[in-house]
Amino acid sequence: MKAAAIRAIETGETKYTPVNGTPALRTAIIDRLRRRHGLAYTDAQITVGGGAKQVIFLALTATLDEGDEVVIPAPYWVSYPDMVRANDGTPVIVDCPESDGFRLTPDRLCAALTDRTRWVVLNTPGNPTGSAYTTGELRALAEVLLDHPHVSVLTDEIYDEIWYDDCAHPSLAAVEPRLADRVFLTNGVSKTYAMTGWRIGYGVGPADLVAAINTLQSQLSSCPSSVSQAAAAAALAGPQDFVRETVEVYRARRDTTVKLIGETPGLSCTTPSGAFYLLVNCQPYIGRFTPAGTRIENDEDFTGHLLEDQQVAVIHGSAYGAPGYFRISFATSTEILTEACARITAACATLSERPS
Ligand code: PLP
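Definitions and limits used
Residues numbered from 1 in each chain as written. Predicted model: local features only at pLDDT ≥ 70, side-chain atom pairs only at ≥ 80, totals over all residues. Heavy atoms only, no water. Pairing = 2+ DSSP bridges. Helix = DSSP H or I, 4+ residues; strand = E, 2+ residues; numbered from the N terminus. Axes fitted to C-alpha atoms, helices over the stretch in contact; angles between N-to-C directions. Contact = heavy atoms within 4.5 Å. Expected span 1.5 Å × (residues − 1). Buried < 20%, exposed > 50% of the residue type's maximum accessible area, 1.4 Å probe, protein only. Near = heavy atom within 4 Å. Polar contact = N/O pair within 3.5 Å; in protein donor to acceptor, adjacent residues only side chain to side chain. Nonpolar A, V, L, I, M, F, W, Y, C, P; charged D, E, K, R; others polar.

1. Focus on the sheet that holds strand 4 (residues 117-123)
Okay, so step 1: The 7 strands are arranged 1-7-6-5-4-2-3 in an open sheet whose pairing can be described as mixed. If you trace the sheet from one side to the other, it starts and ends with strand 1 (46-49) and strand 3 (90-95), each paired once. Adjacent strand axes in the sheet meet at a mean angle of 20 degrees when their direction is disregarded.
Okay, so step 2: Pairing between strand 5 (residues 152-156) and strand 6 (residues 183-188): 4 bridges, direction parallel.

This is the structure in structure tokens:
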């Protein structure tokens, strides 16, 4: 993709592109969704933006009226609730405990839906849990959604190529074609191709929603960078073998990190089936004391202690709607992960049940 970007610069592909992306990139997206999920989208159903983040934001801008509700299963990617609030919507957070694999169940979904529900957000595989929905689980959620025709589903599938199970994770739009006109599928090149800085994401779904997003984008940025679009088209259309090779590297890192966390007294985690995050339960350490006598009141104090005591930076679970947990990203080298886990173990060992 670097060569494609250089070629784009050298051949003068450096001007504005169509608002909804270059024809080459839109074709690459359509082809990819057909190959990956058997989904058939037309050109008018594709929008391309400056990262999946921007596409999701604009989908909310295009659809939310004040007070409209957006169901967000927790743990969630940090941005969803703020994006909803920034667009005058009301986030409806639904707790999905570790005992449910951090996944939304049909009962919990049903209980969260109201007349004001505009969207349900489904991020699979998920950040920060690495949890992913099976075909059966998606089908069960779809049954509920079929009974609520005013509700649309925003699927965030940005980690869809990073999976460790026996087969690739399914997409709701493919699992339940009857929902096709209510699913807005978002994805991008940031994670699969490690192209976070190129800022290219896409959304596919109902043509009227896509047209509204394009209208917003035309006044927001006119179009995403032409050079980045050339690189993204090359990534999507080019050889994909290295993706599975990279995922095998992630798998080894995942297994190492899960093992080391499991060996640390008081810490535990569910093995993620996708993405590159581990959500670690640190509840046994809440209420303990640091050597300086400070009480660990919550997960944020705990992660603060890891930072101060051992210079390990992880993110506290409360940021993701998961108090009592912290998130590790294993998108880094095995050496760093091994060292970080040793330091986490050392920092935990300094916490005592009573102030010293
Ligand atoms: N969705 C999820 C769940 C993410 O974790 C991220 C990035 O961390 C994004 C979307 C953003 O993707 P992009 O870089 O395409 O904006």
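Okay, back to it.
2. Structural notes on the sheet that holds strand 11 (residues 325-329)
Okay, so step 1: Here we have 4 strands laid out as an open sheet, ordered 8-9-11-10, and antiparallel in their pairing. Strands with a single pairing partner mark the edges of an open sheet, and in this sheet they are strand 8 (268-269) and strand 10 (315-316).
Okay, so step 2: Two elements, strand 10 and strand 11, share 2 bridges in a ladder whose sense is antiparallel. For Ile315, the partnering residue across the bridge sits in strand 11 and is Arg327.
Okay, so step 3: Across the face of the sheet, helix 10 (residues 241-262) comes into contact with strand 8, strand 9 (277-281) and strand 11 while running at roughly 10 degrees to strand 9.

3. Digging into helix 2 (residues 23-37)
Okay, so step 1: Counted at 1.5 Å a residue, the expected span for helix 2 with its 15 residues is 21 Å, and the 21 Å between its end C-alpha atoms agrees.
Okay, so step 2: Taken together, the buried positions of helix 2 are Leu25, Arg26, Ala28, Ile29, Ile30, Arg32, Leu33, Arg36 and His37.
Okay, so step 3: If you follow the buried residues of helix 2, they end up packed against strand 1, helix 7 (172-175), strand 6, strand 7 (201-204) and helix 9 (226-237).
Okay, so step 4: Gly38 sits one or two positions beyond helix 2 and adopts a positive phi of about 70 degrees.

4. Some words on the site of the ligand
Okay, so step 1: Of all residues adjacent to the ligand, which total 13 residues, the nearest are Ala52, Asp156, Tyr159, Ser190 and Arg199.
Okay, so step 2: Between the ligand and the protein, one listed contact pairs an oxygen atom with a side-chain N or O atom of Tyr159 at 2.7 Å.
Okay, so step 3: Contact between the ligand and Ser190: an oxygen atom at 2.6 Å from a side-chain N or O atom of the residue.
Okay, so step 4: In terms of residue class, the shell around the ligand is built from 5 nonpolar, 4 polar and 4 charged.

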